[in-house]
Amino acid sequence: EEAARLVKDRLRKRNECRLEETPHALVAAIEKRGTTFGPEAVSDYVARPPLHDRSLPPVLMIRGQYDFVTEKCIEGWRDVFSRGSKLGGSAYREEEMRDCAHYCHLEDAQNFGDLIKGHCFINDY
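The text that follows walks through the structure, step by step, so that each part is easy to find. Quick caveat, the model's predicted, so the values are computed rather than measured. (Residues numbered from 1 in each chain as written. Predicted model: local features only at pLDDT ≥ 70, side-chain atom pairs only at ≥ 80, totals over all residues. Heavy atoms only, no water.)

This next bit is on the overall build of the protein chain. What the protein chain contains, in helices and strands, is 6 helices and 2 strands. The helix and strand sequence of the protein chain, counted from the amino end, reads α-α-α-β-α-β-α-α. The buried share of the protein chain, taken over its 125 residues, is 28%. Residue pairs in contact within the protein chain that sit at least 24 positions apart in sequence constitute 74% of those at least 6 positions apart. Working note: accessible area of the protein chain is about 8800 Å², and carbon and sulfur atoms make up 55% of it. (Helix = DSSP H or I, 4+ residues; strand = E, 2+ residues; numbered from the N terminus. Buried < 20%, exposed > 50% of the residue type's maximum accessible area, 1.4 Å probe, protein only. Contact = heavy atoms within 4.5 Å. Areas by Shrake-Rupley, 256 points an atom, 1.4 Å probe, with all protein chains shown as cover.)

The following block contains the structure:
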């Protein structure tokens, strides 16, 4: 049981949240989410385009360098949003935050905020 807890904690620190202590608000949110969410939940996820061909909003896809949402996971999203751009939708951009995992907005709030501000500035028309 102790070994399983250590493995789970190590995976959390590598792929979910690299902070030494998980923030209380995140712990509470994770406890209330109700379904399994993590590498096992997204490893075979396939993004699908909307049912109707219509333009999509500008998209900024942010993930951490050590995120469990891997390059393979976002391939489908890239295709969906690139397709939306071709249909007259706006831009799709990806950013990878260095030295962060899935909750990069908690691990490097300043950089995350700068990315969001830049995205809003570029796409505010």
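Further notes follow.
In this section: the nonpolar core. Nonpolar side chains in soluble globular proteins tend to be buried together. Counting residues in each nonpolar core, the largest one holds 11 residues, listed as Ala47, Leu56, Val59, Met61, Phe68, Val69, Cys73, Ile74, Val80, Phe81 and Tyr92. Within the residue set of this core, elements represented by two or more residues are strand S1 (59-64) and helix H4 (71-86). Apart from residues no more than four positions distant in its own chain, Val80 is found in contact with Ala47, Arg48, Pro49, Pro50 and Leu56. Leu60, Met97, Cys100 and Leu115 belong to the second-largest nonpolar core, a separate cluster that totals 6 residues. (Core = buried A, V, L, I, M, F, W, Y, C linked by side-chain atoms within 4.5 Å.)

If you trace the backbone, Asp108 turns up in the loop between helix H5 (104-107) and helix H6 (109-123). Judged by its relative accessible area of 28%, Asp108 is partly exposed. For the pair formed by Asp108 and Gly64, sequence separation is 44 residues and the distance between their alpha carbons is 10.0 Å. Those residues within four positions of Asp108 in sequence are excluded, and the remaining contacts are Met97 and Cys100. Side-chain polar atoms of Asp108 contact the backbone nitrogen of Asn111, separated by 3.2 Å. (Polar contact = N/O pair within 3.5 Å; in protein donor to acceptor, adjacent residues only side chain to side chain.)

Here we take up the pattern of salt bridges. The final tally for this structure, using the stated rule, is 6 salt bridges. Across the pair Glu94 and Arg78 runs a salt bridge, and its minimum N-O distance is 2.7 Å. Taken together, the residues span a long stretch of sequence, with Glu94 in strand S2 (residues 92-97) and Arg78 in helix H4 at a distance of 16 residues. Residue classification places Glu94 among the partly exposed residues on the basis of a relative accessible area of 29%. What you see here is one network of salt bridges that share partners, running through Arg63, Glu71, Arg78, Glu94 and Glu96. (Salt bridge = Lys/Arg side-chain N within 4 Å of Asp/Glu carboxyl O.)

For the rest of this paragraph, the subject is the state of the cysteines. For the coordinates displayed, the defined rule picks out 0 disulfides. The structure places no disulfide on Cys104, whose sulfur is separated from the nearest cysteine sulfur, that of Cys100, by 5.6 Å. (Disulfide = S-S within 2.5 Å.)

With 6 of its 6 residues buried, S1 lies for the most part within the structure. Along S1, one buried face is formed by Val59, Met61 and Arg63 and the opposite face, lined by Leu60, Ile62 and Gly64, is buried too. In the sheet, S1 pairs with S2 via 6 bridges, with the strands oriented parallel. Paired with Val59 across the bridge in S2 is Tyr92. (Pairing = 2+ DSSP bridges.)

Without other data, these values stay purely geometric and don't point to any function.
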